[in-house]
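Per-entry structural report
Residues per chain are reported as follows:
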Amino acid sequence: AKGGETAECSWCEKPLPEDARDGSFCDWSCASEHKLRRPSNSTAARQQLFALEHGVCVSCGLDAHALWRRVKALTPPERYQVLLATPGFAPKGFKDRRLENCLEADFWQADHVLPVAEGGGCCSLDNFRTLCTPCHAKETAALRLRLKNRKNAEAAAGSGDIRDMFR
């Protein structure tokens, strides 16, 4: 630190110990939290969530990581058959990208328990859960419906019931 000032941890703002490795964080947990909560850092969230939940969907129990590893090792025609037989993963025709270029992100998502749209952004790992892609699609559809209903309710607030005009 300059001028006799004590250097502080970039995350918790406590004084840095003399042996701080990079000079920015007091320990591994502060560095990890900073990396996780940085805006638009989904890679860190996925990596840390995978270390905890191993790509297994908390909603339906599907081991989406194992499914990805299995599908990745197959030829495109074999991939088509496996995806077709797995609920929620049916290919969207023979030009489905997953048949040629199979990515792990096609099989499981790091989902916010409290959605970003409802205040769950910049959060700790406690607000993340693993969802397979079909379960994530269901959660996203439910969120969109909630947001739409909330928007409609706010727009209608203070207005009367049109049926009252005909009574």
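Structure: above.
About the criteria used
- Residues numbered from 1 in each chain as written.
- Predicted model: local features only at pLDDT ≥ 70, side-chain atom pairs only at ≥ 80, totals over all residues.
- Heavy atoms only, no water.
- Helix = DSSP H or I, 4+ residues; strand = E, 2+ residues; numbered from the N terminus.
- Expected span 1.5 Å × (residues − 1).
- Buried < 20%, exposed > 50% of the residue type's maximum accessible area, 1.4 Å probe, protein only.
- Salt bridge = Lys/Arg side-chain N within 4 Å of Asp/Glu carboxyl O.
- Core = buried A, V, L, I, M, F, W, Y, C linked by side-chain atoms within 4.5 Å.
- Contact = heavy atoms within 4.5 Å.

1. As for helix H2 (residues 42-53)
- Look at H2: 16 Å from first C-alpha to last across 12 residues, which is about the 16 Å you get at 1.5 Å a residue.
- Regarding H2, the residues found buried are Ala44, Ala45, Arg46, Gln48 and Leu49.
- Just beyond H2, the residue with positive phi is His54, at close to 60 degrees.

2. Topic: unusual backbone geometry
- One non-glycine residue, His54, lies in positive phi territory at about 60 degrees.
- Within the secondary structure, His54 is located in the loop between H2 and helix H3 (64-72).
- Among the residues examined, His54 registers a relative accessible area of 46% and is labelled partly exposed.

3. A short note on the pattern of salt bridges
- Counted according to the given criterion, the structure contains seven salt bridges.
- A salt bridge links Asp111 to Arg129; its shortest N-O distance comes to 2.8 Å. Here Asp111, found in strand E1 (residues 108-112), pairs with Arg129, found in strand E2 (residues 128-132); they are 18 residues apart in sequence, far enough to count as distant.
- By relative accessible area, which is 10% here, Asp111 ends up buried.
- Where Arg150 meets Glu118, a salt bridge forms, and the shortest distance between an N and an O atom there is 3.0 Å. Of the two residues, Arg150 is situated in helix H5 (residues 133-156) and Glu118 in the loop between E1 and E2; the sequence distance between them amounts to 32 residues.
- What makes Glu118 partly exposed here is its relative accessible area of 23%.
- One continuous salt-bridge network, built from bridges that share partners, spans Asp111, Arg129 and Glu139.

4. Here we look at the nonpolar core
- With 21 residues, the main nonpolar core has Leu67, Val71, Leu83, Phe89, Phe107, Phe128 and Cys132 as its most contacted residues.
- Elements with a minimum of two residues in this core: H2, H3, helix H4 (76-85) and E2.
- Top element by residues in this core is H3. It accounts for four residues.
- Excluding residues within four positions of it along the chain, Leu67 makes contact with Leu62, Val82, Thr86, Phe89 and Phe107.

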